[in-house]
Amino acid sequence: MNIVDLTPALTVPRDGWDRPLVIPKEGGKPRALTRTTTFIDCIEDKSAISDWKSRMTLVGAAKRPSLLDVVRQLDPEDQDDKRKLNALAEQAQDISGANTKREKGTHLHTLSEYVDRGEPLPAGTASRDLRDMAAYMGATVEFTVKAVEKFVVVPELGTGGTFDRALEYAGPGPEGEPVEGLFIGDLKTGSVQYGGLKMAAQLAVYSRGEFYDYTRFPVDPADRKAFAAWKKREVPAEEAASAYRPMLEVSQKWGIIINLPSGSGECTLHWVDLEIGWAAAKLAREIRAMRSVKGAMHPWVSGVTQETAA
């Protein structure tokens, strides 16, 4: 596997809600965009993940009963105590090991970039990781990586996000027909049994984006004074437009999921239909817009007037 473009060192500035801050193409002050994954999240059935989090919270509390001593002192109806309870629930989930898979997934993403660059893995890489990377290398041997971890914006949706890979491929397509070109690819290190629609929507949004070079407007978010000044800066339209460039000519019909479950030593490839995904993304836009509509409920008006009652 060959690689052309590497991961940039800087990261896009974000606000307190982890939304990417970008300079609008027409110029002006930095504007917060909705994260791509957050934007399409409304189309997903969250019942399974909600049940899983509840179970892991109980497991974590059982492992560290002292958490419950703190819980007993808090009022679930008090606003400040609600935040404390949320933090305790997250702490319990962490104790249960609920976040371990996420951290492992991040680790495998990092190792996969070594493979893409044709570089040896870091010394001391665990044997299970070596097996995973061998499986990854075997499954992706027919791809040429043209870009890795690139940030794109979709003004039509008001979203911004970072795609995993742009993959060059020539060979059999989803139905055995020959295909050739560039495809948005995404590495998933968990199960892909569920969530196919969300994955298709995510890649469909990326495929319709345009590159935004946030390094043209550098800022250190840790420097609170400088960051506050940066957020108030008015950028001229010509300067702002220079940070944008067209997306690679990737397929808007098909995307590729690379599934590498952590520790499995197995890697499989899956096509996702981006036309279905784009339809889902537009539906997500309608759902999000509907959530801000007012007037769905009105107070009851009694047919009995004060005069009638008298």
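In what follows, the structure referred to is the one given above.
Attention in this report is confined to the structure presented alongside it. Quick caveat: nothing in here was measured; it's all calculated off a predicted structure.

The next subject is the nonpolar core. Most often, soluble globular proteins keep nonpolar side chains buried together rather than apart. Ranked by size, the top nonpolar core spans 29 residues in total, and within it Leu 157, Phe 163, Ile 184, Val 205, Met 247 and Trp 278 carry the most contacts. If one sorts the elements of this core by residue count, helix α7 (residues 196-207) sits on top with seven residues. Residues within four places of Trp 278 in sequence aside, it is in contact with Val 154, Glu 156, Leu 157, Ala 204, Val 205 and Arg 208. Formed by 19 residues, the second largest nonpolar core is a distinct cluster that contains Val 145, Leu 167, Val 179 and Leu 260.

Tracing the chain through its elements places Asp 75 in the loop between α3 (66-71) and α4 (79-96). Between the C-alpha atoms of Asp 75 and Leu 85, which are 10 residues apart in sequence, the distance is 8.8 Å. Apart from residues no more than four positions distant in its own chain, Asp 75 is found in contact with Asp 81, Lys 82 and Leu 85.

Before going further, it helps to examine the side chain of Thr 159. Along the chain, the position of Thr 159 falls in strand β5 (residues 159-172). Apart from residues no more than four positions distant in its own chain, Thr 159 is found in contact with Leu 33, Thr 34, Thr 36, Phe 39, Val 152, Val 153, Val 154 and Val 205.

Now for unusual backbone geometry. Although it is not a glycine, Asp 18 sits at a positive phi angle of roughly 65°. Take Asp 18: it is sitting in the segment before β1 (21-22). Although it is not a glycine, Glu 149 sits at a positive phi angle of roughly 50°. Within the element layout of this structure, Glu 149 appears in strand β4 (residues 144-154).

Another aspect to go through is the pattern of salt bridges. Under the definition given, this model contains 20 salt bridges. In this structure, Lys 198 and Asp 41 form a salt bridge, with 2.8 Å as the shortest nitrogen-oxygen distance. Here Lys 198 is found in helix α7, whereas its partner Asp 41 is found in the loop between α1 (36-39) and α2 (47-63), with 157 residues between them in sequence. The exposure class of Asp 41 is partly exposed, given its relative accessible area of 24%. Between Lys 188 and Asp 186 there is a salt bridge, with the nearest N and O atoms lying 2.8 Å from each other. Salt bridges sharing partners connect three or more residues here, namely Asp 41, Glu 44, Lys 46 and Lys 198.

It is worth spelling out the pairing of strand β9 (residues 254-259) at this point. With six of six residues buried, β9 lies mostly within the body of the structure. Alternating residues of β9 divide into Trp 254, Ile 256 and Ile 258 and Gly 255, Ile 257 and Asn 259, and every residue in both groups is buried. As paired elements, strand β6 (residues 178-188) and β9 share four bridges and run parallel to each other. Bridge pairing links Leu 187 to Ile 258 in β9.

Cut-off values and rules
Residues numbered from 1 in each chain as written. Predicted model: local features only at pLDDT ≥ 70, side-chain atom pairs only at ≥ 80, totals over all residues. Heavy atoms only, no water. Core = buried A, V, L, I, M, F, W, Y, C linked by side-chain atoms within 4.5 Å. Buried < 20%, exposed > 50% of the residue type's maximum accessible area, 1.4 Å probe, protein only. Helix = DSSP H or I, 4+ residues; strand = E, 2+ residues; numbered from the N terminus. Contact = heavy atoms within 4.5 Å. Salt bridge = Lys/Arg side-chain N within 4 Å of Asp/Glu carboxyl O. Pairing = 2+ DSSP bridges.

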